[in-house]
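Observations on the three-dimensional arrangement
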Amino acid sequence: KNQVEQSPQSLIILEGKNCTLQCNYTVSPFSNLRWYKQDTGRGPVSLTIMTFSENTKSNGRYTATLDADTKQSSLHITASQLSDSASYICVVSALGGNEKLTFGTGTRLTIIP
Amino acid sequence: NAGVTQTPKFQVLKTGQSMTLQCAQDMNHEYMSWYRQDPGMGLRLIHYSVGAGITDQGEVPNGYNVSRSTTEDFPLRLLSAAPSQTSVYFCASSYSTTAWDEQYFGPGTRLTVT
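To start, this report covers the structure provided alongside it.

The rules behind these values
Residues numbered from 1 in each chain as written. Chains lettered and ligands numbered in written order. Predicted model: local features only at pLDDT ≥ 70, side-chain atom pairs only at ≥ 80, totals over all residues. Heavy atoms only, no water. Helix = DSSP H or I, 4+ residues; strand = E, 2+ residues; numbered from the N terminus. Rg over C-alpha atoms; globule rule 2.2 N^0.38 Å. Buried < 20%, exposed > 50% of the residue type's maximum accessible area, 1.4 Å probe, protein only. Patch = residues over 30% accessible without salt bridge, like charges linked within 9 Å, V, L, I, M, F, W, Y side chains within 5 Å. Areas by Shrake-Rupley, 256 points an atom, 1.4 Å probe, with all protein chains shown as cover. Salt bridge = Lys/Arg side-chain N within 4 Å of Asp/Glu carboxyl O. 1 Å grid on protein atoms, 1.4 Å probe; cavity = no way out; pocket = protein on both sides within 12 Å on 5 of 7 lines; lining within 4 Å. Points joined across faces, edges and corners; volume = space filled by probe spheres on them. Nonpolar A, V, L, I, M, F, W, Y, C, P; charged D, E, K, R; others polar.

This part covers the overall build of chain A. Scanning chain A from terminus to terminus reveals zero helices and eleven strands. Counted from the first residue to the last, chain A has its helices and strands arranged as β-β-β-β-β-β-β-β-β-β-β. The C-alpha radius of gyration of chain A comes to 13 Å, within 12% of the 13 Å expected for a compact globule of 113 residues. Seen along its three principal axes, the alpha-carbon backbone of chain A occupies a region of about 40 × 30 × 20 Å. Buried residues in chain A amount to 49% of all 113 residues.

On the surface, Ile-12, Leu-14 and Ile-112 of chain A cluster together into a nonpolar patch covering about 270 Å² of accessible area. Residue placement: Leu-14 of chain A occurs in strand 2 (residues 10–14).

With that settled, consider the layout of surface pockets. By volume, the largest pocket amounts to about 670 Å³. Gln-38 and Ser-87 of chain A together with Gln-37, Val-88 and Arg-110 of chain B are the residues nearest the centre of the largest pocket, which is lined by 32 residues in total. Elements with a contribution of two residues or more to the lining of the largest pocket: strand 9 (86–94) and strand 11 (107–112) of chain A together with strand 9 (87–94) and strand 11 (109–113) of chain B. Residue contributions to the lining of the largest pocket peak at four residues, all from strand 11 of chain B. Looking at the lining of the largest pocket residue by residue, the classes come out as nine nonpolar, 17 polar and six charged. Estimated volume of the second largest pocket: approximately 540 Å³. In terms of lining residues, the second largest pocket is bounded by 24 residues, among which Lys-1, Asn-2, Thr-102 and Phe-103 of chain A together with Glu-59 of chain B are the most central. Of all the secondary-structure elements, those providing two or more residues to the lining of the second largest pocket are strand 1 (3–7) and strand 10 (101–103) of chain A together with strand 5 (44–51) of chain B.

Okay, structure coming up:
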């Protein structure tokens, strides 16, 4: 069964600090991996998508990495801001359509001033 | 563009009642889907549609019906609400069915069944 596990479940850091969120997956056959940001009371919004051949991709202060061999991904947030407080969800797609997505349970990140 | 809109934002139902959650998108997307989000679990696919007139079941379809008469609208019907259907429901759409296309999510409907 396809699975996506994220760690930690929750994280609290001071504003301005960096942090790294982890995602391990067992999805086959692998197509791509997305990181979503979900603000409280809102729907998820895509931050980045990674394919099998990509190791690193950045979107502003967000940098995602992918190791397809070990089936691990990370999301690094640099110089955190209060607006980064949200849940971050790792979503892995198997080959096929959007109906073949497996969602992680998310990491709840809280930035404190 | 309004993107993906959902109504209502909150709803309380009694066990056995029926209702329809509305979803609309104005991006001319072919693919639309419904998910539920429960504490401690990832989003789970309820039903999806690859175009007007075409729907299919996802991972957790029991107790829910859908139809897609137009490209824009994809309502989700709860036939006879049960407490196990207490959840947050998200509608999403993408340009096509391919997993390379980003899904755009609505703001969600928080449903409580008592």
